[in-house]
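What the coordinates show
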Amino acid sequence: MKVTGIHIYAYGKLINRRYTMKELQVIFGENEAGKSTIMSFIHSVLFGFPTKQQSLPRYEPKTSSEYGGFLLVSTPSEGEIRIERKRGGPAAGTVTLQYEDGRVEGEEGLHRLLGTIDRRTYGNIFSFDLEGLQGIHRLKKEDLNRFLFSAGSTGTDSLMQMEQAWKKEQEQLFKRSGRKPVINALFAELTSLEKKTEGSERAQ
């Protein structure tokens, strides 16, 4: 799925804005120009407006009663799809998908289009901001290398988190100098049995 167009009715301070996306689209501007707002708008259209219980900014417009807009996306199997989300209905807003063949779908169609990707996964893979990089100064050299690798390859530190989880699980199973891990305990038990067997054979 590729985003080819953005139309913002009202989102934060962006009112009635249209953007046509190219193969490589660079959006730049000074601080508070609206770069993060555009990124948040894409997330909101795809995954719903953040609720008041969430820590994410909602970007509700102060000068317009409208809230939302639509994305134009291109897909290999369905062609171009218009994904519109507006205020109304549930807190996350009401979403409508319009296909080239005239079909209209709602939330179920969007879930089918996105598959298993949720807001966190999408943000980790396809977009990351300054806030996501603020913890770099706390990383050790080895961790920093892994972080930069994961940011370059997937735009996230998910790979690093997964590696750390696997390492912790591995250490619960086996450590070279450990005694409590499962495999270490089994080795100790096996060694003890071997010694008892050897002692019993000598006694015979």
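Keep in mind the model is a prediction, meaning the values are calculated, not measured. (Residues numbered from 1 in each chain as written. Predicted model: local features only at pLDDT ≥ 70, side-chain atom pairs only at ≥ 80, totals over all residues. Heavy atoms only, no water.)

A closer look at the sheet that holds strand E1 (residues 2-11)
Defined as follows: Two strands qualify as a pair provided that DSSP identifies no fewer than 2 bridges between them. Helix and strand definitions follow DSSP, with helices as H or I runs of at least four residues and strands as E runs of at least two, each counted in order from the N terminus.
Taking strand neighbours across the sheet as the criterion, the six strands line up as E2-E1-E3-E4-E5-E6 in an open arrangement whose pairing is antiparallel. For this open sheet the edge positions go to strand E2 (14-20) and strand E6 (104-105), each flanked by a neighbour on one side alone. The sheet contact formed by E1 and strand E3 (residues 68-75) spans seven bridges and is antiparallel. Bridging across to E3, Val-3 finds its partner in Val-73.

As for the side chain of Glu-84
Threshold: Any pair of nitrogen or oxygen atoms within 3.5 Å is treated as a polar contact; in protein, a donor-acceptor pairing is required on top of that, and neighbouring residues in sequence qualify only through side-chain atoms on both sides. Contacts: residue pairs with any heavy atoms within 4.5 Å of one another.
Within the secondary structure, Glu-84 sits in strand E4 (residues 79-86). A distance of 2.4 Å separates a polar atom in the side chain of Glu-84 from a polar atom in the side chain of Tyr-9. In this structure, Glu-84 is in contact with Tyr-9, Gly-69, Phe-70, Thr-94, Val-95 and Thr-96, ignoring residues within four places of it in sequence.

Details of a nonpolar patch on the surface
The condition is simple: Candidate patch residues must exceed 30% relative accessible area and have no salt bridge, after which like charges are joined if within 9 Å and Val, Leu, Ile, Met, Phe, Trp or Tyr side chains if within 5 Å. Shrake-Rupley sampling with a 1.4 Å probe provides the accessible areas, and residues are treated as covered by the protein chains on show and by no other component. Just to be clear on terms, a salt bridge is a Lys or Arg side-chain nitrogen sitting within 4 Å of an Asp or Glu carboxyl oxygen. Each residue gets one of three labels from its accessible area relative to the maximum for its type: buried under 20%, exposed over 50%, partly exposed in between, using a 1.4 Å probe on protein chains only.
A cluster of nonpolar side chains, Leu-173, Phe-174, Val-182, Ile-183, Leu-186, Phe-187 and Leu-190, forms an exposed patch at the surface whose accessible area comes to about 610 Å². If you tally residues by element for the nonpolar patch, the top one is helix H7 (residues 182-203), at five residues. Topologically, Leu-173 is positioned in helix H6 (residues 158-173). Judged by its relative accessible area of 41%, Leu-173 is partly exposed.

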